[in-house]
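Here is how the chains run, residue by residue.
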Amino acid sequence: GAGVSQSPSNKVTEKGKDVELRCDPISGHTALYWYRQRLGQGLEFLIYFQGNSAPDKSGLPSDRFSAERTGESVSTLTIQRTQQEDSAVYLCASSLPTPRRQFFGPGTRLTVL
Amino acid sequence: TQLLEQSPQFLSIQEGENLTVYCNSSSVFSSLQWYRQEPGEGPVLLVTVVTGGEVKKLKRLTFQFGDARKDSSLHITAAQPGDTGLYLCAGGDTNAGKSTFGDGTTLTVKP
């Protein structure tokens with residue numbers, strides 16, 4: 001596609017449920033990034049993929065968070081047993097290996113009740 | 001841990017005024033990016049600065065990277081309502097994939 005797409009755009013879930021967020025990067029972009037953004041704040045790095053391997057997953061907040069990527073295509077971020085503090089916008093970005101200009105998707109707004 | 005501090009956190013001005021926002025760190029970055037984000041959308045890259053002391057101009061926006069590559073500023077001349085948004089700086093590391101983001105400056109330009 002023309003840009004990075006994310007789905008769903010909005011997700012409301014109950015505390016304790018699992019959620020799966022999807023990111024479709026720009027075709028040909030080998031690098032993919034997940035960030036979390038709380039209301040009115042900057043972006044918090046979660047995980048970075050180069051191809052389907054994740055050389056840096058240092059930002060994942062807990063073992064309830066995991067992410068996978070299929071080849072150099074779609075990625076899913078899974079949050080298990082969601083908590084209210086997980087409520088945020090989850091942003092995905094993709095880039096070429098160099099230069100590492102990141103193109104962002106519109107985000108998924110997650111609300112945990 | 002590399003941290004970026006942005007100031008001011010909020011800025012509300014009248015159309016036509018000038019403004020400067022700052023991005024400071026105690027760490028050296030190989031590059032620094034400025035993004036603008038509108039509600040409901042992802043950040044959009046405005047500029048990347050790489051060389052210490054570098055100055056880049058983008059129409060009414062002037063970006064400067066500090067000599068020591070630890071800080072940067074964004075100056076907007078004659079601000080317009082369309083400049084309203086969240087301005088984010090981010091530091092990059094050529095050896096790592098991720099960028100470290102500041103908490104942003106929320107700019108409101110009133111007509």
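Owing to the predicted nature of the structure, the values given are computational and were not obtained by experimental measurement.

**So, the overall build of chain A**
Piece 1. For chain A, the helix and strand inventory stands at zero helices and eleven strands.
Piece 2. Counting helices and strands in the order they occur from the N terminus, chain A gives β-β-β-β-β-β-β-β-β-β-β.
Piece 3. Computed over the C-alpha atoms, the radius of gyration of chain A is 13 Å, within 12% of the 13 Å expected from 2.2 N^0.38 for a compact globule of 113 residues.
Piece 4. In terms of overall dimensions, chain A has a C-alpha envelope of 40 × 25 × 25 Å along the principal axes.
Piece 5. Out of the 113 residues belonging to chain A, those deemed buried represent 48%.
Piece 6. Expressed as a percentage of contacts within chain A between residues at least 6 apart in sequence, the contacts between residues at least 24 apart total 54%.
Piece 7. Total accessible area computed for chain A in this model is approximately 5,400 Å², and 47% of it derives from carbon and sulfur atoms.

**Looking at the interface of chain A and chain B**
Piece 1. Every contact between the two is made by 18 residues of chain A and, on the other side, 18 residues of chain B.
Piece 2. Buried area between chain A and chain B, both sides added, is near 1,400 Å², and the carbon and sulfur share of it is 51%.
Piece 3. The interface formed by chain A and chain B contains four residue pairs in polar contact (both at pLDDT 80 or more).
Piece 4. Within the residue set of the side of chain A that touches chain B, elements represented by two or more residues are strand E4 (31-37) and strand E5 (43-50) of chain A.
Piece 5. The residue inventory of the side of chain A that touches chain B, partitioned by class, reads eight nonpolar, seven polar and three charged.

**Some details on the state of the cysteines**
All names here are of chain A.
Piece 1. Here the structure, examined in full by the defined rule, presents two disulfides over all chains.
Piece 2. A disulfide bridge connects Cys 23 with Cys 92, and the sulfur atoms are separated by 1.9 Å. Given an S-S torsion of about -65 degrees, the disulfide between Cys 23 and Cys 92 has left-handed geometry. You can see Cys 23 sitting in strand E3 (residues 19-24) and its partner Cys 92 sitting in strand E9 (residues 88-95), a full 69 residues away along the chain. Each member of the pair, Cys 23 as well as Cys 92, is classed as buried.

**Thoughts on the packing of aromatic side chains**
Piece 1. One pass over the structure, following the stated rule, counts eight aromatic pairs over all chains.
Piece 2. With centroids separated by 5.3 Å and ring planes inclined at 80 degrees, the aromatic side chains of A:Tyr35 and B:Phe101 adopt a geometry described as edge-to-face. Residue A:Tyr35 is located in strand E4, and its partner B:Phe101 is located in strand E10 (residues 99-101); the two belong to separate chains.
Piece 3. When its relative accessible area of 0% is taken as the criterion, A:Tyr35 is described as buried.
Piece 4. Using a relative accessible area of 7% as the deciding quantity, one classes B:Phe101 as buried.
Piece 5. Here the aromatic cluster, defined as three or more aromatic residues joined through ring pairs, consists of A:Tyr33, A:Tyr35, A:Phe45, A:Tyr48, A:Phe104, B:Tyr35 and B:Phe101.

**Section: the environment of A:Ala54**
All names here are of chain A.
Piece 1. With respect to the element layout, Ala 54 can be found in strand E6 (residues 53-56).
Piece 2. For the pair Ala 54 and Ala 31, spaced 23 residues apart in sequence, the C-alpha separation works out to 9.6 Å.
Piece 3. With sequence-adjacent residues up to four places away left out, Ala 54 is seen in contact with Ile 47, Tyr 48 and Phe 49.

**Observations regarding unusual backbone geometry**
Piece 1. Each neighbour pair has its own omega, and for A:Ser7 with A:Pro8 the value is -10 degrees, a cis peptide bond.
Piece 2. Within the secondary structure, A:Pro8 is located in the loop between strand E1 (5-7) and strand E2 (10-13).
Piece 3. In this model, B:Ser7 is joined to B:Pro8 through a cis peptide bond whose omega is -10 degrees.
Piece 4. On the secondary structure map, B:Pro8 appears in the loop between strand E1 (5-7) and strand E2 (10-14).
Piece 5. Phi is positive for B:Lys59, close to 55 degrees, though the residue is something other than glycine.

**Re the pairing of strand E11 (residues 105-110) of chain B**
Residue and element names in this part refer to chain B.
Piece 1. On E11, burial follows the alternation: Thr 105, Leu 107 and Val 109 on one face are buried, whereas Thr 106, Thr 108 and Lys 110 on the facing-out side are not.
Piece 2. Pairing between E2 and E11: five bridges, direction parallel. Note on E11: the bridge partner recorded for Ser 12 is Thr 108.
Piece 3. In the sheet, strand E9 (residues 85-92) pairs with E11 via three bridges, with the strands oriented antiparallel. Paired with Tyr 87 across the two strands is Thr 105, which belongs to E11.

Here is what the cut-offs are and how they apply
Residues numbered from 1 in each chain as written. Chains lettered and ligands numbered in written order. Predicted model: local features only at pLDDT ≥ 70, side-chain atom pairs only at ≥ 80, totals over all residues. Heavy atoms only, no water. Helix = DSSP H or I, 4+ residues; strand = E, 2+ residues; numbered from the N terminus. Rg over C-alpha atoms; globule rule 2.2 N^0.38 Å. Buried < 20%, exposed > 50% of the residue type's maximum accessible area, 1.4 Å probe, protein only. Contact = heavy atoms within 4.5 Å. Areas by Shrake-Rupley, 256 points an atom, 1.4 Å probe, with all protein chains shown as cover. Buried area = accessible area lost by both parts, 1.4 Å probe. Polar contact = N/O pair within 3.5 Å; in protein donor to acceptor, adjacent residues only side chain to side chain. Nonpolar A, V, L, I, M, F, W, Y, C, P; charged D, E, K, R; others polar. Disulfide = S-S within 2.5 Å. Phe/Tyr/Trp six-rings, centres within 6.5 Å; stacked < 30°, edge-to-face > 60°. Pairing = 2+ DSSP bridges.

Keep in mind that these numbers describe shape and distance, not what the molecule does.
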